[in-house]
There are 4 protein chains.
Amino acid sequence: MTSPRSPRASPRRLPPDAPEPEKRRAILHAAVRVFAEKGYHGCRIADVARAAGVAYGLVYHYFQNKDELLESVFAEQWAILLAALKAIQEGPGSASDKIAGVLGFVLDVFKTAPTAVRVLILEVARTPKVLRSGSTPETFFSAIGIISDVVKAGQEAGELRSDIEPVVAATGILGALEMTVTGLVVGLVRPAGPPEEQIDAVKRQLEAMVLAGLRAPGR
Amino acid sequence: MTSPRSPRASPRRLPPDAPEPEKRRAILHAAVRVFAEKGYHGCRIADVARAAGVAYGLVYHYFQNKDELLESVFAEQWAILLAALKAIQEGPGSASDKIAGVLGFVLDVFKTAPTAVRVLILEVARTPKVLRSGSTPETFFSAIGIISDVVKAGQEAGELRSDIEPVVAATGILGALEMTVTGLVVGLVRPAGPPEEQIDAVKRQLEAMVLAGLRAPGR
Amino acid sequence: MTSPRSPRASPRRLPPDAPEPEKRRAILHAAVRVFAEKGYHGCRIADVARAAGVAYGLVYHYFQNKDELLESVFAEQWAILLAALKAIQEGPGSASDKIAGVLGFVLDVFKTAPTAVRVLILEVARTPKVLRSGSTPETFFSAIGIISDVVKAGQEAGELRSDIEPVVAATGILGALEMTVTGLVVGLVRPAGPPEEQIDAVKRQLEAMVLAGLRAPGR
Amino acid sequence: MTSPRSPRASPRRLPPDAPEPEKRRAILHAAVRVFAEKGYHGCRIADVARAAGVAYGLVYHYFQNKDELLESVFAEQWAILLAALKAIQEGPGSASDKIAGVLGFVLDVFKTAPTAVRVLILEVARTPKVLRSGSTPETFFSAIGIISDVVKAGQEAGELRSDIEPVVAATGILGALEMTVTGLVVGLVRPAGPPEEQIDAVKRQLEAMVLAGLRAPGR
DNA sequence: AATGAATGAGCTTTCATTCAT
DNA sequence: CATGAATGAAAGCTCATTCAT
């Protein structure tokens, strides 16, 4: 990985107006599945190509190299998450509502696309430093930043307790959320009832716990 | 052709009474450092050998292969953590005290041995499922189990709220803790003041937040 | 950690209709030469690749591993021999004619391609049992079987003596043939005259001896 | 193999009067068993040491290196065979008697020590050229030579046919014998009856065939 | 004599990347 | 755009051999 073999100039980006080629999408989606199953390092380009039903070399037609492929996968996933977070942040409602909204959103996505979430959870921010040169870390920081801002706003409004730094709060929230999803993914957290309701139950409990931990005294 | 080479008779395990060879320790410690720096996949056996100051082949004298080396590293680290968790669980004090104790322990270890924690955090439980065939997953489950038991005891004593399943609570606690440590590792969480006090501050805030989230109403 | 890496999906076998790639042939032929010179264990894949004039990795593109390469070499050589034996068996002539035909065929092949014969002689059927898991042993048994059938037919026709079990006879015939070729290969058997005639002389003598040993009394 | 790492001067030979150390014998015998099972290249010094019940390094105390160990094994086995051949040659009886004696001797040895024969059969004269620098090939030639002399004597006495060169005859005889033993080893040749008698039956048939092939016309 | 930990060259195998078609 | 054969550096693993005890 990251063997800087030939820092080719052209970023291989399609002209901004052209629609994204169908096969590029196929590769990207296949990559998500394969990464989810074997992890970034455990999979070969050949695996992705096969899963996408395209030829070996085509991957290199659309992506500079393996790293860029990973970056693209992450970028796409994070873009969705970030957009949602931003929408929630800028939307109406109290800080508590917004935090609950974030928890709910992630768990809902997990209900419909557990694989994608799994990749985000298990691979992001777990890859060696070298990889950290792309856009991934900034994006990760952004996510923390948004939640952090929501918390700060809540504190200033007197709704949330002020003795906890927003960054620490945001980190704790995301951590609890992430580990809960991991628990679901791994099968550790497995409440009674049909799958759908299981997740809803977990969502309610997590929400209650997190909000109680942040609520300003007397509220 | 390769005659199946009778599946390696000696499990390469030292007799249980013999003291651990000095060089074995050296390799294990070196592995922690190298994994921390480059990640499991990013490092070569040669790196570990060099860092340990031993010959290449000696690694294979003490460990079956790269995987077993990783397993051993994890096993050792987890053993320490689990022992501490158990000691806290069986010790005196209320459920809140014990939970605070767990948070404090992990953050204290981080203060003195951030490298080891980093390996545990960034590499463990982030490797594809298949890998989970060793002792790692059970150990991870054990950790969750212990915290979960502490929570349950607290609930039965009326000290902690009962509307949250112990497993969900335990997962949330560990998640918040882990992400906080990650934040410290990555440099995201970076409160003012000298390093020592920074961590103490984070510890206090995390503790307050977590306990408030679990406290039974009216307490 | 090595995710089990789904057992190599493609058996690396070309579709039965496609013509064999030129380079695959080149590798196979080079392998024969190199095995002949250094023996299976004494040669490296690098040697074969160099002798074939192809890149290192291409060997692994066409063959699973070193063992499979050896198997392929053997399979090819044996296939030729077996086909010839079968043709002789099913052709016209008495049992004696057919046995003489077999002796002649092998020694003729040796005249034109001593290298290939050398590989077959020195490497085949001399490798530990375990190795025998491929197709080699069955093929070897087939060869014995064919000769054995020829002998049996000759016995039933009253042409050959009946007090010797066909299998024993076949084994003796092939053994004498093989050792003779080995003697020629090693330079032990070295009659006077130019090479061509040397071999012919040996052929006549071997034939006379073998047939006299099998002839039915009174013929 | 044969990496001429340090052509140490001392041949590691014990003083000619001293009795052979018990452990040296143990190693030699273990080597025979292990070679028989896995072949020369398929076995490790560790295998031999373990089979002999001695420590790793002791093998190197008694033998220069792996090659010398193989040489010693062969030398010992061949010495037995050669001594027997010579005894037969110099003993009384006609050429036919002597040839029958050779066949009988080898098959008898096989009855009592099939393993040792197997090593001689399957490993000797099948090892890459490089190894041929020791005493092995000469010994092999000697065996052929002795039989060859017996044949020649028989020809001069008018007992055996003269139209076959003694070397060719000797090669054929040994080849038939060797392949027959191989057949027994591999389980290909498997006549009816209890094991003991099976071998005797094979012996009689082989003898009849070989002698008929060599007898002078009119005898 | 005996032991087995220690060494390291060498070999097999993998797989990201290139390129001719 | 698409293909997949071809390349070769890199890394894991083996095992003969040495050496301190």
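Asker: Tell me about the overall build of chain A, and please be specific about residues and values.
Answerer: On a plain count of helices and strands, chain A comes out with nine helices and zero strands. Order of helices (α) and strands (β) in chain A, N terminus to C terminus: α-α-α-α-α-α-α-α-α. In chain A, which comprises 219 residues, the proportion classed as buried is 53%. Expressed as a percentage of contacts within chain A between residues at least 6 apart in sequence, the contacts between residues at least 24 apart total 71%. In the structure as shown, chain A presents an accessible area of about 9900 Å², 58% of it carried by carbon and sulfur atoms.

Asker: Which residues make up the interface of chain B and chain A, and what are the values?
Answerer: Each partner contributes to the interface: chain B provides 39 residues, whereas chain A provides 42 residues. Scanning the region where chain B abuts chain A turns up zero salt bridges. Inspection of the chain B/chain A interface yields two residue pairs in polar contact (both at pLDDT 80 or more). Those elements that place two or more of their residues in the side of chain B that touches chain A are α1 (22-38), α6 (114-123), α7 (136-156), α8 (166-186) and α9 (195-214) of chain B. Looking at the side of chain B that touches chain A element by element, the count peaks at 13 residues for α8(B). Looking at the side of chain B that touches chain A residue by residue, the class counts come to 23 nonpolar, eight polar and eight charged.

Asker: Got a sec to walk through the packing of aromatic side chains? Specific residues and values, please.
Answerer: Counted by the stated rule, this structure contains five aromatic pairs over all chains. Relative to B:Y60, the ring of B:Y56 lies with its centre 6.5 Å away and its plane at 10 degrees, an arrangement referred to as stacked. Here B:Y56 pairs with B:Y60, and both are found in helix α3 (residues 56-62), just four residues apart, close to one helical turn. When its relative accessible area of 33% is taken as the criterion, B:Y60 is described as partly exposed. Ring geometry for C:F35 and C:Y40: centres 5.6 Å apart, planes at 65 degrees, overall edge-to-face. Residue C:F35 is classed as buried on the basis of its relative accessible area, which comes to 1%. Taking NZ or CZ as reference, B:K66 lies 4.7 Å from the ring centre of B:Y40, over its face.

Asker: Help me get a handle on helix α4 (residues 66-90) of chain D, residues and values and all.
Answerer: With 25 residues, α4(D) extends 36 Å from end C-alpha to end C-alpha; this agrees with the ideal 36 Å at 1.5 Å per step. Backbone nitrogen of D:D67 and a side-chain oxygen of the N-cap are separated by 3.2 Å at the start of α4(D); the cap is D:N65.

Asker: Give me the lowdown on the environment of C:V32, citing residues and values where you can.
Answerer: Residues and elements named next belong to chain C. Within the secondary structure, V32 sits in helix α1 (residues 22-38). Given the relative accessible area of 7%, V32 is considered buried. Sequence spacing of V32 and K66 is 34 residues, and the spatial spacing of their C-alpha atoms is 13 Å. The residues touching V32, leaving out its near neighbours within four places in the chain, are V73, Q77, T115, A116 and V119.

Asker: Which residues make up the confidence of the model for chain A, and what are the values?
Answerer: Residues and elements named next belong to chain A. A residue-level look at chain A finds 83% of positions with pLDDT of 70 or above and a mean pLDDT of 83. The lowest-confidence element of chain A is helix α6 (residues 114-123), averaging 70 in pLDDT; the highest-confidence one is helix α3 (residues 58-62), averaging 95. The low-confidence segment residues 1-13, where pLDDT is below 50, has 17 contacts with residues more than four positions distant or belonging to other chains.

Asker: Explain the packing of helix α9 (residues 195-214) of chain A against α8(B) to me, and be specific about the residues and the numbers.
Answerer: Viewed as axis vectors pointing N to C, α9(A) and α8(B) meet at an angle of 55 degrees, and their least axial separation amounts to 10 Å. If you check the angle between α9(A) and α8(B), you find them oblique. When you trace α9(A) past α8(B), the crossing you get is right-handed. Contacts between α9(A) and α8(B) involve A:V202, A:Q205 and A:M209 from the first element and B:V168, B:A169 and B:G172 from the second.

Asker: Residues and numbers for the relation of the copies chain B and chain A, please.
Answerer: Here two copies of a chain appear, and what relates them is a rotation about an axis with a shift along it. Overlaying chain B with chain A gives an RMSD of 0.3 Å, the required rotation being 180 degrees about an axis along which the chain moves by 0.1 Å. Put plainly, the chains are arranged around a two-fold axis. Across chain B, the rotation axis passes nearest the C-alpha of B:G213, at a separation of 1.9 Å. Interface residue correspondence from chain B to chain A reaches 100%, placing this contact among same-surface, isologous pairings.

Scoring rules and cut-offs
- Once a new chain begins, its residue numbering starts again from 1 and follows that chain's sequence as written.
- The order in which chains are written sets their letters, starting at A; the order in which ligands are written sets their numbers, starting at 1.
- Only residues with pLDDT of at least 70 are given local features in this predicted model, and only at 80 or more are side-chain atom pairs given and counted; all residues enter the totals for whole chains, interfaces and linings.
- Hydrogens and water are ignored here; the side-chain numbers use all heavy atoms of the structure.
- Comment: elements are numbered from the N terminus, with helices defined as DSSP H or I runs of at least four residues and strands as E runs of at least two.
- Burial here depends on accessible area, computed with a 1.4 Å probe over protein chains only, as a share of the maximum for the residue type. Under 20% is buried, over 50% is exposed, and the range in between is partly exposed.
- The contact criterion used is simple: two residues touch if any of their non-hydrogen atoms lie within 4.5 Å.
- Each accessible area is a Shrake-Rupley result for a 1.4 Å probe, and residues are judged covered by the shown protein chains and nothing else.
- Here, a salt bridge means any side-chain nitrogen of Lys or Arg that lies within 4 Å of a carboxyl oxygen of Asp or Glu.
- Each polar contact in these results corresponds to two N or O atoms within 3.5 Å; when the atoms are within protein, one needs to be able to donate a hydrogen and the other to accept it, and residues that are neighboring in sequence are counted only if both atoms are side-chain atoms.
- Gly is placed with the polar residues, together with every amino acid not listed as nonpolar (Ala, Val, Leu, Ile, Met, Phe, Trp, Tyr, Cys and Pro) or charged (Asp, Glu, Lys and Arg).
- In this scheme Phe, Tyr and Trp rings, the latter by its six-membered ring, pair at centre separations within 6.5 Å, and the angle between planes marks the pair as stacked below 30 degrees, edge-to-face above 60, and tilted otherwise.
- Distance and angle both matter: a charge sits over a ring if NZ of Lys or CZ of Arg is within 6 Å of the ring centre and within 35 degrees of the ring normal.
- In this scheme, a helix's expected span is set at 1.5 Å multiplied by one less than its residue total.
- Confidence scores per residue from the predictor, reported as pLDDT, run from 0 to 100.
- An axis is simply a line fitted to the C-alpha atoms; with a helix, the fit covers only the stretch in contact. Between two such axes, the angle follows the N-to-C directions and lies from 0 to 180 degrees.
- Should an angle fall under 35 degrees it is taken as roughly parallel, and over 145 as roughly antiparallel, whereas 65 to 115 is taken as roughly perpendicular and any remaining angle as oblique.
- If you view the pair so one helix is near and one far, a crossing is left-handed when the near helix is turned anticlockwise from the far one by less than a right angle, and right-handed when it is turned clockwise.
- Residues reaching a pLDDT of at least 70 in both copies supply the C-alpha atoms on which the copies are superposed by least squares.

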